[in-house]
Amino acid sequence: MRTTVLFSLIIVLLSFGACQQPQQDIEHSTDTKIDSLISLMTIEEKVGQLTLYTSDMDQTGAYIRKEYENDIKQGKVGAIFNAYGVDYTRRLQEMAVNNTRLRIPLLFGYDVIHGHRTIFPVPLAEAASWNIEAIQHAARIAAIEASAEGLHWTFAPMCDISRDPRWGRVVEGAGEDPFLASLIAEARVKGFQGDDLSDPTTLAACVKHFAAYGAPQAGRDYHAVDMSENMLREVYLPPYKAAVDAGAVTAMTAFNDLNGIPSTSNKFLLTDLLRDEWGFEGFVVTDYTSVMELLYHGVAADTAHAAALALEAGVDMDMQSGFFHQTLPKLVEDKIVDESLIDQAVRRILKVKFQLGLFDDPYKYCSTTREKNEIMQADQLEAARDMGRRSIVLLRNEAQTLPIPQHIKKIAVIGPMGNNKRDMIGSWSAAGDWSKAVDLVEGLKARYPLSEIVFVKGCEIDGEQTEGFNEARRAAADADFVILALGEAYWMSGEAASRSQIDLPGVQQQLAELIIGTGKPVATVIISGRPLTVNWLAQNSPALVQAWFLGTQSGHALADVLSGDYNPSGKLPLTFPRNVGQIPIYYSMKNTGRPFNENSKYTSKYLDVPNTPLFVFGHGLSYTQFEYSHLALEQETYTLDDSIRFEVELANTGSFAGEEIVQVYVHDQLASVTRPVRELKAFKRVWLEAGDSKKVNFSLHPESLGFYKIDGSYGTEPGRFTIFVGGDSNAGLSTEFELR
Ligand code: NOJ
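Every value quoted in this text rests on a predicted model; they were computed, and no experiment measured them. (Residues numbered from 1 in each chain as written. Predicted model: local features only at pLDDT ≥ 70, side-chain atom pairs only at ≥ 80, totals over all residues. Heavy atoms only, no water.)

### Concerning the nonpolar core
Membership of the largest hydrophobic core comes to 131 residues, with the highest contact counts inside it found for I80, W153, F210, F324 and I342. With nine residues, the top contributor of residues to this core is helix 7 (residues 132–147). Every residue in contact with F210, bar those within four places of it in the chain, is listed here: L237, Y240, M252, T253, A254, S263, L269, L270, L273, L274 and W278. Listed in part, the 82 residues of the second largest apolar core include F469, L486, A547 and A557. (Core = buried A, V, L, I, M, F, W, Y, C linked by side-chain atoms within 4.5 Å. Buried < 20%, exposed > 50% of the residue type's maximum accessible area, 1.4 Å probe, protein only. Helix = DSSP H or I, 4+ residues; strand = E, 2+ residues; numbered from the N terminus. Contact = heavy atoms within 4.5 Å.)

See below:
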């Protein structure tokens, strides 16, 4: 018996180094190797592959808990997260490969969300660029850096649509719109994974958090989600689907329950939808301790029950709860869980390890040369700066307050975000070192070497202290131009960072009132991970700039925009409410049976606040002016097989060259199910020199105008449609066509 096992093992191992073969043959031979390997594995070794544990950090650096080390050496762990660095990952890999019977390599995962060492703008900020190529490039750089430090796998992209800025994790997503977020999800997967996962500069991507994690009740993190299947399919699922279609090889469950079933034990989500309907072939990992949390959700009676529920629903890998590890071998022995389910999960996980090339060389991602040469290089920093300036949204600019006038003598930077490095890199900043971030004052000093740049903090981000106000007011009065740098700390958005009020924390608003009251030209820069209810600033700050958290190159990116070296082109990827009472607020609302009418009480509105948001989805100004005209359809009537082609003329009528994001919204006038007042269906980035104009062409396929009907089927209904084209979701220029 023992000889047979050894013999088969030798055959399997010998065949790992595949020679040049066509793709189909490679897949076939990989599957054969995986099956042979599985046939050699004990149940403990199989469950080991389904187990993911964290590495830890203390003052002395990264370390692995003793019990996990023992488990790794016995083949009881398949993957480790939060471990990076070539020496460290090599040491852990050696623990697995040199001590275990089958020498199966470990998989190393990490939250590489918006950069690894070079930190890019937070995902929501990147979404504001509407620049799909730049977003893909940012993910590509993150993959190069992370894989140069021993990593194989990132827990990204987060594809959760959210229409609730109280939820702290809006910062990690791409905003409220399924069309924009789907393009971004696809771009991120392609950026991380490249064309070939076995290329050692790529990372396996992870579609998360499946599903609808972005719609927790009351915006409170981890809270229950309850929504119709139509809403789920039309608004929340498309970005996950786009990431799956782009080839993401892993997916992560969500913490929340959906319509009463926790995502981690949700067979509808993990098997019926993800695998059977969408054809996902990778593996599903839970979110952190989510198998254990099935106890708190109240659907699992004990450890074993929780593990069985998760596995049977379609989970392949247990992140951190250890429940699979503790219970699955016994559940199989007692014939409560079918071993074939475990084999299936092992197969999926081993397949990803094969795709990454770990069986050819478990140390493939452990290159000290790469670690030295491929991190925080000049081109990577430049890409982060470019992404930064593209992510900035100019919300208001009265009397052309910005850009800062040429040859300015004295600029006062006032506010807690002025010389702040710590907060610039935002939440989930991977291995980013905040002390290497360029702050606003540094960015301005580099841009204006001949000017005087004065900085006064004025107050803290939070807290009631106003002692610094007088000095701040004096500095403002004494300057030629003032930049107020305000916002949220990095930890005020992200996981477990929901807020019930989303205004400026502490006394920052009072500081702003004092400084703006001096009558000086003031531009307020808001650093935050979510929309803030900055109503007063929106009316009183001569210029207002939404700068999010822009990452390592924050100060330079901001100086590029404030100085006018880069003409801002960002557009909001989500609606800014006037107050939390308006939430959820999003542009693609329904009309209702009682549409808003100022003169009629019994229409859909509030007594105390207008229906309109503070800033609409898609809003973003430029230093120049763009005018839209001559919207013209090729025809007025189309069939369901035609392409709906139209063009619009865009003119740059101001005095700066710049980029405009031309947005196309469609409204289905009559349908069997109520339809949103408008939905984003296309956009193009168009660069125009001052004084130039250009015809911009679009083509829509009727399929994209479909929706989920009452019987659950998807389709486009003939009828009349309105197209709106413009620079935001309020676009006024419109025309109509008929679909027959
Ligand atoms: C919990 C978060 O919800 C998830 O996004 C992350 O990937 C894991 N922790 C691992 O850090």
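### Things to note about helix 14 (residues 323–333)
Taken as a whole, helix 14 has its buried residues at F323, F324, T327, L328, P329, L331 and V332. Buried residues in helix 14 make contact with helix 3 (43–49), helix 12 (290–297), helix 13 (303–313), strand 12 (318–319) and helix 15 (339–355). K335 occupies a position one or two residues after helix 14 and carries a positive phi of about 60°.

### So, the pattern of salt bridges
Where charged atoms from two side chains of opposite charge approach closely, those side chains can pair. Within this structure, the stated rule accounts for 47 salt bridges. Between E234 and R675 there is a salt bridge; the shortest N-O distance is 2.8 Å. With E234 in helix 9 (residues 229–236) and R675 in the loop between strand 22 (658–668) and strand 23 (679–688), this pair connects stretches of sequence that are 441 residues apart. Within this structure, E133, E382, R385, D386, R389, R390, D560, E659 and R685 form a network of salt bridges that share partners. (Salt bridge = Lys/Arg side-chain N within 4 Å of Asp/Glu carboxyl O.)

### Digging into the domain arrangement of the chain
You can read the domains of the chain as domain 1 (391–582) and domain 2 (626–739). Taken together, both faces of the contact between domain 1 and domain 2 bury some 550 Å²; the carbon and sulfur share is 52%. Area buried by domain 1 at its contact with domain 2 is led by N567, S569 and K571, which between them contribute 74% of it. For the interface between domain 1 and domain 2, the tally reads three residue pairs in polar contact (both at pLDDT 80 or more). Grouping the amino acids of the side of domain 1 that touches domain 2 by side-chain chemistry returns two nonpolar, two polar and one charged. (Domains from an automatic or database assignment. Buried area = accessible area lost by both parts, 1.4 Å probe. Polar contact = N/O pair within 3.5 Å; in protein donor to acceptor, adjacent residues only side chain to side chain. Nonpolar A, V, L, I, M, F, W, Y, C, P; charged D, E, K, R; others polar.)

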